[in-house]
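# Summary of the model geometry
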Amino acid sequence: MRRVVLVAVLAAARPVLADVIAVPAAPADPERGNFWRDVVAPHQAEVNAILAKVRNALNQADNALASDYDPAAQEHLRFYREVLGPLKYARRLQPDNVDVLRLYAQVCDELGKTREAIEALQAAIDVTGPTRIPADIAGRLGIIYLRLGKIDDAIRYLRMAQAPLTPQLPMSAHVLVHLSNALAARGQTGEAIDLLANAVPLNAPYYSTEAALVAFSLAVQYDRDEEHGAAFEVLDRMQSVLQGQMAALVQTSLAQMRFAPAEDQHYYLGLLYEAVGSYTEARAEWALYAASGDLPYRGRALDHITAIDALRRSPAAAPPAVAPIPRRYRGAVP
């Protein structure tokens, strides 16, 4: 009798124990069995899974680039190379998926596959329509055209991508800087300067990474236009607000830039090192820019070298050292 009672008690307790140890079921897909979703966007779940993994990998790539352990960006590029195949597969599944096209273009651009990047961006524009081009797609296309020397096309797409400067849109700073450089290359120096001056007021109470990039680029434009007093005023204001953090903040912002032309990096770094009194590094950057061929501001770079040499001959010159930022390695130059 006692055994029968024990069996009955255990049988009654079994549902309770099952409820305690059971693994919760995965939430049901709300679109599962949706006939029209499957007709209009087949493979959507598979493509979404690929995109999620690609975005995660690219975030890791950016973190690797920002770290000290990957100065040559080899780890950064490894992530990009690994996601290229999955993105090609996702594009075969859904050739009109704008998210797939924009990520595919980004990866191709980063790996130096310029023709493929342009083709994917144009395909995305064909999907969205010419009047509804997303800012990031227009911006990337404009920057690529600037690197290729197609100034008019670059300006057209960069103007489409132009947006208020905000940390939530980090590409907005790059778009403004590239657009300013494109306008200057077309001889519209005044407009190039106004574009940057209007984005970051001189009396700004603080500088984000994006604002520091735009403000420093304004000083570069003033310097190239031989408006020495205006360039000094911008740099002096940045020094005043940022105190000893100016060099580090501007270095960080420049490390995230892909210059067009690539030699412009030497000009920007030359002015930065000179502004903080690191004349040895500054002279080296100016010399690299001047030796890079028939560049439009070669004369200004030589002027800076002459001024630094004169200053270094003075016994009072004892500049502080600022460590050069590591060169960012990239794929094949288009």
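Look a little higher up for the structure.
All of these numbers come straight from a predicted model, not from anything done at the bench. (Residues numbered from 1 in each chain as written. Predicted model: local features only at pLDDT ≥ 70, side-chain atom pairs only at ≥ 80, totals over all residues. Heavy atoms only, no water.)

### Re the overall build of the chain
For clarity, the threshold we go by: Strands here mean DSSP runs of E at least two residues long; helices mean DSSP runs of H or I at least four residues long; both are numbered from the N terminus. Residue burial is assigned from relative accessible area. The probe radius is 1.4 Å, only protein chains are included, and a residue is buried under 20% of its type maximum, exposed over 50%, and partly exposed in between. Contacts are residue-level and defined by heavy atoms, with any inter-residue pair within 4.5 Å sufficient. Working definition of accessibility: Shrake-Rupley area with a 1.4 Å probe, residue cover restricted to the visible protein chains.
In terms of helices and strands, the chain carries 16 helices and zero strands. Expressed as a percentage of the 334 residues in the chain, the buried residues total 45%. Intrachain contacts of the chain at a sequence separation of at least 6 include 61% that bridge at least 24 residues. For the chain, the exposed area adds up to about 17800 Å²; of that, 57% sits on carbon and sulfur atoms.

### Thoughts on the packing of helix α11 (residues 209–224) against helix α12 (residues 228–242)
Basically, it comes down to this: Every axis corresponds to a line fitted to the C-alpha atoms, with the helix fit spanning only the stretch in contact, and the corresponding angles, defined between N-to-C directions, vary from 0 to 180 degrees. Orientation categories follow fixed angle ranges, with anything under 35 degrees roughly parallel, anything over 145 roughly antiparallel, 65 to 115 roughly perpendicular, and all other angles oblique. Whether a crossing is left-handed or right-handed is set by the direction in which the near helix is turned from the far one by less than a right angle, anticlockwise for left-handed and clockwise for right-handed. Charged residues are taken to be Asp, Glu, Lys and Arg, nonpolar residues to be Ala, Val, Leu, Ile, Met, Phe, Trp, Tyr, Cys and Pro, and polar residues to be all remaining types, Gly included.
For the pair α11 and α12, the least separation of the axes is 7 Å and the interaxial angle reads 155 degrees. By the angle between their axes, α11 is roughly antiparallel relative to α12. Two packed elements cross with a definite hand, and for α11 against α12 that hand is left-handed. On the side of α11, the interface is formed by A212, A215, F216, L218, A219, Y222 and D223, while α12 contributes A230, A231, V234, L235 and M238. Its residues assigned to classes, the contact of α11 with α12 shows eleven nonpolar, no polar and one charged.

### A word on the packing of aromatic side chains
To keep it simple, the criterion reads: Pairing of aromatic rings covers Phe, Tyr and Trp, the last counted by its six-membered ring, and requires centre-to-centre distances within 6.5 Å; plane angles under 30 degrees mean stacked, over 60 mean edge-to-face, and any other angle means tilted. In this analysis the charged atom, NZ for Lys or CZ for Arg, is taken to sit over a ring once it is within 6 Å of the ring centre and within 35 degrees of the ring normal.
Under the defined criterion, the tally for this structure stands at six aromatic pairs. Judged by centre distance (4.8 Å) and plane angle (90 degrees), the rings of Y267 and W286 are edge-to-face. Here W286 lies in helix α15 (residues 279–290) and Y267 lies in helix α14 (residues 264–275), a separation of 19 residues in the sequence. Aromatic side chains Y267 and Y289 sit 5.2 Å apart centroid to centroid with 80 degrees between the ring planes, which places their arrangement in the edge-to-face category. Taken together, the residues Y267 in helix α14 and Y289 in helix α15 connect sequence positions 22 residues apart. The buried category is assigned to Y289, whose relative accessible area is 0%. Put simply, the rings of Y267, W286, Y289 and Y297 touch in pairs and so form one group of aromatic residues. Here the guanidinium or amino end of R78 rests over the ring plane of F79, the centre of that ring lying 4.7 Å away. It is R224 that lies over the ring of Y267; its NZ or CZ is 4.6 Å from the centre.

### Digging into the pattern of salt bridges
This is how it is decided: Salt bridges are defined by distance alone: a side-chain nitrogen of Lys or Arg within 4 Å of a carboxyl oxygen of Asp or Glu.
Inspection of every chain in the model, using the stated rule, returns 14 salt bridges. Here R102 ties to D99 by a salt bridge, and the two come within 2.7 Å at their closest N and O atoms. A residue pair is termed a helical-turn pair when its members lie 3 or 4 positions apart in one helix, as R102 and D99 do in helix α5 (residues 98–110) at three residues. Residue classification places R102 among the partly exposed residues on the basis of a relative accessible area of 21%. D99 gets classed as partly exposed once you look at its relative accessible area, which sits at 30%.

### What to know about the side chain of H174
By the secondary structure assignment, H174 is in helix α9 (residues 171–185). On the basis of relative accessible area, H174 is assigned to the buried category, the value being 16%.

### Regarding the nonpolar core
Soluble globular proteins tend to pack their nonpolar side chains together in the buried interior. We count it as follows: Grouping buried Ala, Val, Leu, Ile, Met, Phe, Trp, Tyr and Cys residues that are joined through side-chain atoms within 4.5 Å yields what is termed a nonpolar core.
Y207, F216 and M238 are the most contacted members of the largest nonpolar core, which totals 100 residues. Sort the elements by how many residues they give to this core and α11 lands first, with ten residues. Residue contacts for Y207: discarding those within four places in its chain leaves V200, L202, A212, A215, R237, M238, V241, L242 and L249.

### A short note on the environment of L254
Inspection of the secondary structure assignment puts L254 in helix α13 (residues 246–255). According to the relative accessible area criterion, L254 is buried, its value standing at 1%. Between the C-alpha atom of L254 and that of L269, which follows or precedes it by 15 residues, the distance is 8.3 Å.

### Re the environment of A247
Within the secondary structure, A247 sits in helix α13. Look at A247 and you get buried, because its relative accessible area is 13%. Once the C-alpha coordinates of A247 and L272 are considered, the two residues, 25 residues apart in sequence, prove to be 7.1 Å apart.

### Here we look at α5
Put simply, the rule reads: An expected span of 1.5 Å times one less than the residue number is assigned to each helix. By the criterion applied in these results, polar contacts are pairs of N or O atoms within 3.5 Å in which, for protein atoms, one can donate a hydrogen and the other can accept it, and in which residues neighboring in sequence qualify only through two side-chain atoms.
In this model α5 runs 18 Å from its N-terminal to its C-terminal C-alpha over 13 residues, within 8% of the 18 Å that 1.5 Å per residue would give. Most of α5 sits out of view: eleven of its 13 residues are buried. If you check which residues of α5 are buried, you get V98, V100, L101, L103, Y104, A105, Q106, V107, C108, D109 and E110. The N-terminus of α5 is capped by N97, whose side-chain oxygen sits 2.9 Å from the backbone nitrogen of D99. Looking at the residues trailing α5, positive phi occurs at G112, about 85 degrees.

### Details of the packing of α13 against α14
At a closest axis distance of 10 Å, the pairing of α13 and α14 adopts a crossing angle of 175 degrees. When the axis of α13 is compared with that of α14, the two are roughly antiparallel. For the pair α13 and α14, contact is made by M246, A247, V250, Q251 and L254 and by Y268, L269, L272, Y273 and A275, respectively. Counted by class, the contact of α13 with α14 contains nine nonpolar, one polar and no charged residues.

### Here's the deal with α11
In this model, α11 (16 residues) spans 23 Å end to end at C-alpha, consistent with the 22 Å of a helix rising 1.5 Å per residue. Of all 16 residues in α11, 15 are buried, a share of seventy percent or more. Positioned one or two residues after α11, E226 has a phi angle of 60 degrees, which is positive.

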